[in-house]
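# Coordinate inspection notes
In case you want the letters, here they are:
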Amino acid sequence: MLADIVLSIAQVLVFVYDVVTYPIYHLLSKHWSRMRAKESAGTPRPYLVQESSEEVRFTREKSYENPTYKEIIIQNKVDTVTKAFDYAVRKHGNKQCLGTREVLAEEDEMQDTGKVFKKLSLGSYRWKSYAEVQSTSRAFGRGLRELGQLPRTPIAIYAETRAEWIMSAFGAFSQSIYVSTLYTNLGDEAIVYGINETEVTCVVTSYELLPKFKTMLKDCPKVHTLIVMEDQLNTIDATGFKDGVSINTFKDVVALGASSRVQDVPPNKDDTAIIMYTSGSTGTPKGVILTHENLIATSSCIMYLDKFNDDDVYIAYLPLAHVLELLSECTMMMFGIPVGYSSPNTMTDMSTKVKRGQKGDASVLKPTLMCVVPLILDRIYKNIVDSVAKRGKNFQKVFDFCYRYKLYWTKSNKPTPIVDKVVFNKIKALLGGRMRFAITGGAPLSPETHEFIRTCLGITLVQGYSMTETTCSGTCMEPTDDSVGRVGPPMAGIDIKLVNWEEGNYRVTDRPHPRGEICIGGPTVAKGYFKLDKQTEESFFEEGGKRWFRSGDIGVFDKSGNLQIIDRKKDLVKLQLGEYVSLGKVESQLKTHPLVENICVYADSFQSHTVAIMVPIQNSLIKLAQELGKASMDYESLCKDNEMIQAVLKTLAMHGKKCSLEKFEMPTKITLSPEIWTPESGLVTAAFKLKRKCIQALFQPSIDEMYSDIV
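For the structure given in this document, a descriptive report is provided here. Values in this document were obtained by computation on a predicted structure and should not be read as measured data.

### Some thoughts on the environment of C402
Summarising the element assignment, C402 is placed in helix α14 (residues 393-411). Expressed as a C-alpha distance, the spacing of C402 and K77, which sit 325 residues apart in the sequence, is 51 Å. For C402, the residues in contact, after removing those within four places along its chain, are V419, V423 and F424.

What follows is the structure, given as structure tokens:
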């Protein structure tokens, strides 16, 4: 009671302070002139090109007067990744390019629970200049040639995100050798599938992943060369592998190429650069064929998103086998922005592999730019909420007040220096304290998470919409856009059109705004799928001198050309009473609740309700159990306990209502799964997207039981 009175008095004092100081601040800061400058600096809105009863199209033309585009693309005739990096070296030769954190030792660390975990003792970042990266990459490419690799043939890269990954790719590109990418968290069977389908003879891997090939090579008959990226602490053990397979270190191949006299074979813009596999949420992953022209077209789109600063630093940690990370790093280098490598295990001071008392990568690197996926943002959001809740209800009330206060002034484009210093700078310090701009993609970001992260971290967080098939190009919010729940207008040089989808009752003639299936057109659209002519014909098409891709997603345009994703054809289910449920939409909202680690909503068209399979966050479930007087039960027993299940269901129902979900969209029954879904389990893809069919097959008895209980 006393705390509530104190907080109320504080709120009144803050209100009086704002009223008294605002006019003075407004005059001294000349806020109106800064806002006009900010708005004028933004890229122009797209304009309507064509509208009919069948389709509606928006596009954004590239401004050929843009000085950056003019210099790089037009004047230097950059149309391949090799030419782009050559340009970057000429302009930024001695500047820092790629940074790797020094690993000093691996040590056992005793936890409070008595368990012992492996932790890393970490040093500073060691940097290679642009000139050094070019020298190493070119030597690696010639080394590949000395090992027998021919131009316009593929190699596979199966390794964690690190400097040697991108240098291997640049080296291969310099000889017109193209790269097949493989996620490190795929199971052995999927790795073997990717290697055999592309028929590669050479695989570039890492010290950590090399042992897997002792069993996999017997199923990869064409592979005769392994190139291993070295570990900072351990030496490579090359024993126990299949006879006839040559094992070389990355440095050995670079040394081999450094003394080589082979003539470079630089690529043409139409040459294949990457065969990048999609995450395979609906079956076997499909290899997408991306050309050098595709990659450069995307980099030139990114040029128009925001301005880069001289002191910018990019932190790289997402899989380079993902098109978002690969294109982001390529673009950073084109602009002379240092790229420092990290991993989820060492990124923050609290990351799992960082030795107690030492700094995480972000604290040392102090980055300003990053790419992120919604899964990471959801976890940051839950961690902050959980940390606040642990400090008691009074602290939570104070935090909520500070959050609402900052949110209000942020939406008015005004700073909150006092609240930042007291509360939010400590949160921003998690990512080094200098983070200013982040872009998220790969999956829908819930509006609640978007607004929370943008406010607490004090950053510009924009959401984009794209896919591997369009080389990470499509739409992206403008930096001045403070809305949530939409993915912005078309990127520069990209066409977006909506086409009627009669089955789902979405039409471009819908009012107040047109709705339909999203098709993306432009120079970023891929050649097609590797060795899948039928699927290529179904998804790709030529029209009006442009190549187009049918996304399968349903969108709506507002009057300014901003796109919002509202459904997905494959996720849309019609219930017995005629209501349509977008499974992905419901899941994205429910995932924002602190109880939910992962969730898969299932809808049977012969039923009038949905049900769900949910993986709870263990600590959150145990905390709920304590409130219900079930503290003595173990985690797995809690997942089976009917009273616990009903409590979780009730909690999610309240959260769903708060998120404006309809009653028919909310699951009426739920099954709690204690096992976390990983790519190794086969229930999620390497990009952690749900594999619905696999989940349904595994939990079909539970689904049948949940529906049989509904009356």
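### Focus: helix α4 (residues 81-92)
Here α4 is 12 residues long and its end C-alpha atoms lie 16 Å apart, about the 16 Å a rise of 1.5 Å per residue gives. The buried count for α4 comes to nine of 12 residues, which makes it a mostly enclosed element. Those residues of α4 lying buried are V81, T82, A84, F85, D86, Y87, A88, V89 and H92.

### A word on α14
Helical periodicity: at 3.6 residues per turn, an α-helix aligns residues three or four positions apart in one direction. Here α14 is 19 residues long and its end C-alpha atoms lie 27 Å apart, about the 27 Å a rise of 1.5 Å per residue gives. Among the residues making up α14, those that are buried are F399, F401, C402, Y403, Y405, K406, L407 and W409. Just downstream of α14, N413 is the residue with a positive phi angle, here 60 degrees.

### Examining the pattern of salt bridges
A full pass over the atoms with the stated rule returns 36 salt bridges. One salt bridge in this structure joins E107 and K355, with 2.9 Å as the shortest N-O distance. Note that E107 is positioned in strand β3 (residues 96-110) and K355 in the loop between β13 (339-341) and α12 (361-365), a separation of 248 residues in sequence. Take E107: its relative accessible area is 30%, and that puts it in the partly exposed class. Between E643 and K630 there is a salt bridge, with its nearest N and O atoms 3.1 Å apart. Of the two residues, E643 is situated in helix α21 (residues 642-658) and K630 in the loop between α19 (618-627) and α20 (635-640); the sequence distance between them amounts to 13 residues. Here E643 falls in the partly exposed class, since its relative accessible area comes to 44%. Salt bridges sharing partners connect three or more residues here, namely E55, R57, K497 and E543.

### Thoughts on the sheet that holds strand β17 (residues 475-476)
Here eight strands make up an open sheet; going across it, the order is β4-β3-β13-β12-β14-β15-β16-β17 and the pairing mixed. Edge strands, defined here as strands with exactly one partner in the open sheet, are β4 (116-129) and β17. Where strand β12 (residues 314-316) and strand β14 (residues 369-372) come together, two bridges link them in parallel fashion. Note on β14: the bridge partner recorded for Y314 is L369. On the sheet, helix α5 (residues 130-146) packs against β3 and β4 and is oriented at approximately 100 degrees with respect to β4.

### A few points about the pairing of strand β6 (residues 178-181)
In β6, alternate side chains face the same way, and those of Y178 and S180 on one face and V179 and T181 on the other are all buried. Pairing analysis gives four bridges linking strand β5 (residues 154-158) to β6, with the strands arranged parallel. Following the sheet pairing, A156 is matched in β6 by S180. Since β5 and β6 lie parallel, the crossover through helix α6 (residues 163-174) that links them has a hand, and here it is right-handed. Here β6 pairs with strand β10 (residues 272-277) via three bridges, running parallel. When the bridges of β10 are listed, S180 appears paired with I275.

Calculation rules
Residues numbered from 1 in each chain as written. Predicted model: local features only at pLDDT ≥ 70, side-chain atom pairs only at ≥ 80, totals over all residues. Heavy atoms only, no water. Helix = DSSP H or I, 4+ residues; strand = E, 2+ residues; numbered from the N terminus. Contact = heavy atoms within 4.5 Å. Expected span 1.5 Å × (residues − 1). Buried < 20%, exposed > 50% of the residue type's maximum accessible area, 1.4 Å probe, protein only. Salt bridge = Lys/Arg side-chain N within 4 Å of Asp/Glu carboxyl O. Pairing = 2+ DSSP bridges. Axes fitted to C-alpha atoms, helices over the stretch in contact; angles between N-to-C directions. Right-handed = clockwise from strand over helix to strand, strands pointing away.

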